[in-house]
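Spelled out from the first residue to the last, the chains are:
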Amino acid sequence: MAKLNKMVGFANRRAGQSLVELIVAIGVGVVIILGGIGTVAVYLRVSSQDITYQRANFLAQEMIDKINVTAEGNWNKIANATTSSYLTQSSTSTGFTVQSGQESIALDNTNYTRYFYAASVCRDAADFIVDCAVGSNDPFTKKIQIVVGWSYRGSPTSVSLEKYITRTSNNVYFQDNWVGGQSCATDPVFSDYNTQFCSSTPNLDFSSNPGVIKIQGF
């Protein structure tokens, strides 16, 4: 009888131990599952954010390409865009037109804004780029700042890119007619393409015989 009671007590203790082990195992499993769910949620959130960043960088790079093309065709269009600007396809040519402000772009259910502006670039005596407080302005180089913004989970987010562009090609105008006479109001070579010139050295006669410049006395 004593032996039977001992066996029953052992069985009860064993059953109680198994129940505790089962509860512990369930608890560990719940913790692992919740941890996995949290990891997946973080991964999905980061992946979603990465996608919006990738698209924003694509839009910034696309604008850089448009700026390069426009600057090659007409340097002043880009150089004079010193405030927030964007580019639109010109209705009268194959190039782009500079518009003031920023453009809105809808891409895969996300609204992006995009703009750029050109800043002066200054150089020192050794031709290195320095702060304009200590250097001289380089009219043939501009620093372009591109900004793309959007809202991610209700918070404003943006990426920006910097690029230096240099004027490597210029229009050349050969003037062989001086009928227009002297005028320094505008640059006749690169602006109006007229027949005027800006200044003359003493003893040059450009008025008695229109269209001809000659040294007085000869």
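The structure this text deals with has already been given above.
Residues numbered from 1 in each chain as written. Predicted model: local features only at pLDDT ≥ 70, side-chain atom pairs only at ≥ 80, totals over all residues. Heavy atoms only, no water.

**Q** When you look at the state of the cysteines in this model, what are you seeing that I'm missing?
**A** Covalent bonding between the sulfur atoms of two cysteines is what defines a disulfide. Across all of its chains, the model carries 1 disulfide by this definition. A disulfide bridge connects C122 with C132, and the sulfur atoms are separated by 2.1 Å. In this structure the cystine formed by C122 and C132 twists about its S-S bond by roughly 100°; its chirality is therefore right-handed. Taken as a pair, C122 in strand β4 (residues 110-123) and C132 in the loop between β5 (129-130) and β6 (136-152) lie far apart in primary sequence, 10 residues in all. The exposure class assigned to C122 is buried, which follows from its relative accessible area of 4%. (Disulfide = S-S within 2.5 Å. Helix = DSSP H or I, 4+ residues; strand = E, 2+ residues; numbered from the N terminus. Buried < 20%, exposed > 50% of the residue type's maximum accessible area, 1.4 Å probe, protein only.)

**Q** Which parts of the structure should I look at to understand the environment of N137?
**A** Relative to the elements of secondary structure, N137 occurs in strand β6. Given a relative accessible area of 45%, N137 falls into the partly exposed group. In sequence terms N137 and S120 are 17 residues apart; their C-alpha atoms lie 6.7 Å from each other. Sequence-distant contacts of N137, defined by excluding residues within four places in its chain, comprise S120, V121 and C122. (Contact = heavy atoms within 4.5 Å.)

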